Amino acid sequence: MADETALRALLLQGLAGDEAAHRAFLTEAAALLRAYFRNRLRGRPEDAEDLVQETLVALHTRRESYDPNYPLTAWLYAIARYRLIDFLRRAKHRAHAPLDGLDVGDIDPDYEATDAKHDIGVLLGKLPEKQRIAIRMVKLEEKSVRETAETTGLSESDIKISIHRGLKTLMRLMAGEQTS
């Protein structure tokens, strides 16, 4: 399975017109998405597979919305998360009235990558400042731990610990959102 850098390279090559790279990106993304959805929909592999396909279509049709200044997996998982939320809404609300021409639970046709950026910003805003800065600089701006330590005046060890703790907190926050 490709890592973040390799996956990002495949997407960018695909955006530049390399069809083989785009197919390889979708294949690698499918493996990540399959694990993501199966972990969240235990005992419902057919639903997980349907969501993988839906998300692959969304990744393909919205690939131009990817901002290379941000980690690819954050964008990918944000789209997957929206697909999962839409699926759960549909499953919960089988009989309901449309609202403004859309059924509650329908996939939002106006979804944009900016929504994912906003979600990331909201989640980061819930972290203590030191964790937020460390994650933003190292994970989002792709600066090195050393460079981040020099910029912030913190030790490299403190940066690593802040990232670790911050990511654990983000995972708990995201898990809480998915169960509500």
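Residues numbered from 1 in each chain as written. Predicted model: local features only at pLDDT ≥ 70, side-chain atom pairs only at ≥ 80, totals over all residues. Heavy atoms only, no water.

Student: Give me the lowdown on the environment of Ile163, citing residues and values where you can.
Tutor: As for its position among the elements, Ile163 is in helix 8 (residues 156-179). Looking at Ile163, the relative accessible area reads 8%, which means it is buried. Sequence separation between Ile163 and Ile133 is 30 residues; the distance between their C-alpha atoms is 8.9 Å. When sequence neighbours within four positions are dropped, the list of residues in contact with Ile163 reads Ala134, Ile135, Val138 and Lys139. (Helix = DSSP H or I, 4+ residues; strand = E, 2+ residues; numbered from the N terminus. Buried < 20%, exposed > 50% of the residue type's maximum accessible area, 1.4 Å probe, protein only. Contact = heavy atoms within 4.5 Å.)

Student: Quick rundown of helix 4 (residues 72-92)? Include the residues and the values.
Tutor: The first and last C-alpha atoms of helix 4 sit 30 Å apart over 21 residues, in line with the 30 Å expected at 1.5 Å per residue. Residues of helix 4 that are buried: Leu72, Trp75, Leu76, Ala78, Ile79, Ala80, Arg81, Arg83, Leu84, Asp86 and Phe87. (Expected span 1.5 Å × (residues − 1).)

Student: Please set out the nonpolar core residue by residue, giving values where relevant.
Tutor: Phe25, Leu33, Phe37, Leu56, Leu59, Leu72 and Trp75 are the most contacted members of the largest nonpolar core, which totals 27 residues. Listed by contribution, the elements that provide at least two residues to this core are helix 1 (4-15), helix 2 (19-40), helix 3 (45-61) and helix 4. Among the elements that make up this core, the one with the highest residue count is helix 2 (nine residues). Setting aside anything within four residues of it in sequence, one finds Phe37 in contact with Ala48, Leu51, Val52, Thr55, Ala80, Arg83 and Leu84. (Core = buried A, V, L, I, M, F, W, Y, C linked by side-chain atoms within 4.5 Å.)

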